[in-house]
Amino acid sequence: MPQASTATRTRWTNWAGNQSAAPARVVTPGTAEELAKEILRAADQGRTVKAVGSGHSFTAIASAGDGVLVRPHALTAVREIDRENGTITVEAGLPLHRLNRLLDAAGQSLTNMGDIEVQTVAGATSTGTHGTGRDSGSLAAQIRGLEIVLADGSIRRCSPTEDPRLFEAARLGLGALGVITALTLGVEPAFLLTAHEQPMRFDEVLERLDDLTAVNEHFEFYWFPHTDRCSTKRNNRSQGPAAPLPRFKEWLEDDFLSNTVWEGACRVGRRFPGSVPAIASLASRAWSDRSYTDTAYKVFTSPRKVRFIEMEYAVPRAAAGEVLRELRAMVERSGWRISFPVEVRFAPADEVWLSTAHGRDTVYIAVHLYRGTAEQGYFTAVERLMTEHRGRPHWGKLHTRDAEYLAGVYPRFAEFTALRDELDPDRRFGNDHLRRVLGA
């Protein structure tokens, strides 16, 4: 039985702790119909409505202000697994980690995913969550249909053949068009991935980048600022047999060292910035050459317990080498002390209207700061570099771009905002952040 809608008053804070709000009301609807009633009730009271997932966006995109906050925790059902057509339909609040295990039990898998799995399905797709891939794109690009509740309380279903205009906009809709209640994702038979992780010099990575991204299905790397060292990861499909990391080795390297020890190192670096280059040098040497084969989602994802803030930009794939070399030069000539590695991933062009990979092969470059670390101009300078290359900021990560800039780098931006005007003229789903990035 669906859980009835409930209302309480509480304070909301995101995962990183850098965004918070005190909404007038928090609701947890159990059906699309209950959600529609809450939206109409909010309209009668002149309040806005914002849905949140697990709070893994670093921006205020989900902030309800003093409006109505919708929690999706009662919308987590699996509605259908269609093996013949290769799809699964799930409700919006289902966390990715549960989706992955449900799919695995059914002998199915997503084609690609990001490196964490704590987000809700709708939260991840609505902000453009992605992994790395030669041929496969973001989670939003894997959507085949969705159900959404609009500002007038209507419940609409859309797909490439049913209301295709709404579908193209809403599958990465920033929460600006309505509240998604269910999604249909493309899936395929479960598969194994072999991961090969290898330390490599920065210049070698860039010299071999075309080959590394061409011959591997999924290639990514981390560069440690203040060093010339990178950790590379190549994931490719395998016929098996499975050869996962021993459980103790997995815990030691992927949890204890990558989280517990790394947390301590970041705290030292925050308190004593002068120690950061030495910490970076030690950390870059802690990554060893290793290979293992396991279920796809276990290779794609890993635990992330150290809290940070992040900025990520998508720039044209052809500019990868130039941008990364300039980023390294910026760090070397600055007084910054950057404890977190720079993450670099790749994606093929897609046709999702507000996808950061829309219409162009893309390289993603992400920079991070440990929580509480002074910004020092790092993000500001990185953003200036990225915008010089017509970079598109990740919708869920920190940036300062506005609607005027974004309209110039997204060919379908005007179509998206025109549809928003039609569906939500009173900005029932608006907030200060959306006014900046989409316009008033």
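Residues numbered from 1 in each chain as written. Predicted model: local features only at pLDDT ≥ 70, side-chain atom pairs only at ≥ 80, totals over all residues. Heavy atoms only, no water.

1. Observations concerning the pairing of strand S7 (residues 78-82)
Stage number 1. The pairing of S7 with strand S8 (residues 87-91) spans four bridges and is classified as antiparallel. The residue bridging Val78 from the neighbouring strand is Val90, located in S8.
Stage number 2. Between the antiparallel neighbours S7 and S8 lie four residues, among them Gly86 with a positive phi of about 65 degrees. (Pairing = 2+ DSSP bridges. Helix = DSSP H or I, 4+ residues; strand = E, 2+ residues; numbered from the N terminus.)

2. Quick notes on the packing of aromatic side chains
Stage number 1. Counting across every chain of the model gives 10 aromatic pairs.
Stage number 2. Arranged with centres 6.3 Å apart and planes meeting at 85 degrees, the rings of Trp15 and Phe58 form a pair that is edge-to-face. One end of the pair, Trp15, is in the loop between strand S2 (12-13) and strand S3 (20-21); the other, Phe58, is in the loop between strand S5 (49-51) and strand S6 (68-70), and 43 residues separate them in sequence. Across the pair, Phe58 and Trp15 agree in class, each one buried. (Phe/Tyr/Trp six-rings, centres within 6.5 Å; stacked < 30°, edge-to-face > 60°. Buried < 20%, exposed > 50% of the residue type's maximum accessible area, 1.4 Å probe, protein only.)

3. Brief notes about the sheet that holds S7
Stage number 1. The strand order S7-S8-S12-S10-S11 describes an open sheet built from five strands, whose pairing is antiparallel. Bordering the open sheet on either side are S7 and strand S11 (155-158), each of which pairs with just one other strand. Each strand of the sheet is rotated relative to its neighbour by a mean of 10 degrees, with strand direction disregarded. (Axes fitted to C-alpha atoms, helices over the stretch in contact; angles between N-to-C directions.)

4. With respect to the pattern of salt bridges
Stage number 1. Applying the stated rule across the entire model yields 27 salt bridges.
Stage number 2. In this structure, Arg79 and Glu147 form a salt bridge, with 3.1 Å as the shortest nitrogen-oxygen distance. Taken as a pair, Arg79 in strand S7 and Glu147 in strand S10 (residues 143-149) lie far apart in primary sequence, 68 residues in all.
Stage number 3. Of the residues examined, Arg79 reaches a relative accessible area of 39% and is grouped as partly exposed.
Stage number 4. Judged by relative accessible area, Glu147 falls into the buried class, the value being 4%.
Stage number 5. The partner of Asp135 in a salt bridge is Arg134, and the shortest N-O contact between them spans 2.9 Å. (Salt bridge = Lys/Arg side-chain N within 4 Å of Asp/Glu carboxyl O.)

5. Considering the pairing of S10
Stage number 1. Among the seven residues in S10, six count as buried, and that is most of the element.
Stage number 2. Note that S10 and strand S12 (residues 179-186) share six bridges and pair antiparallel. Residue pairing across strands places Gly145 opposite Thr184, the latter belonging to S12.
Stage number 3. For S10 and S11, the ladder comprises four bridges, and the chain directions are antiparallel. When the sheet's bridge partners are listed, Ile148 is paired in S11 with Arg156.
Stage number 4. As consecutive antiparallel partners, S10 and S11 are separated by five residues, and within that stretch Gly153 has a phi angle of approximately 85 degrees, a positive value.

6. Remarks on the environment of Ser302
Stage number 1. By the element assignment, Ser302 lies in the loop between helix H9 (296-300) and strand S18 (308-316).
Stage number 2. Here Ser302 falls in the partly exposed class, since its relative accessible area comes to 24%.
Stage number 3. The spacing of Ser302 and Asp115 is 187 residues in sequence and 5.9 Å in space, taken between C-alpha atoms.
Stage number 4. Those residues in contact with Ser302, other than ones at most four positions away along the chain, are Asp115 and Ile116.
Stage number 5. A distance of 2.9 Å separates polar atoms of two side chains, one belonging to Ser302 and the other to Arg304. (Contact = heavy atoms within 4.5 Å. Polar contact = N/O pair within 3.5 Å; in protein donor to acceptor, adjacent residues only side chain to side chain.)

Just distances and angles here, no functional claims.
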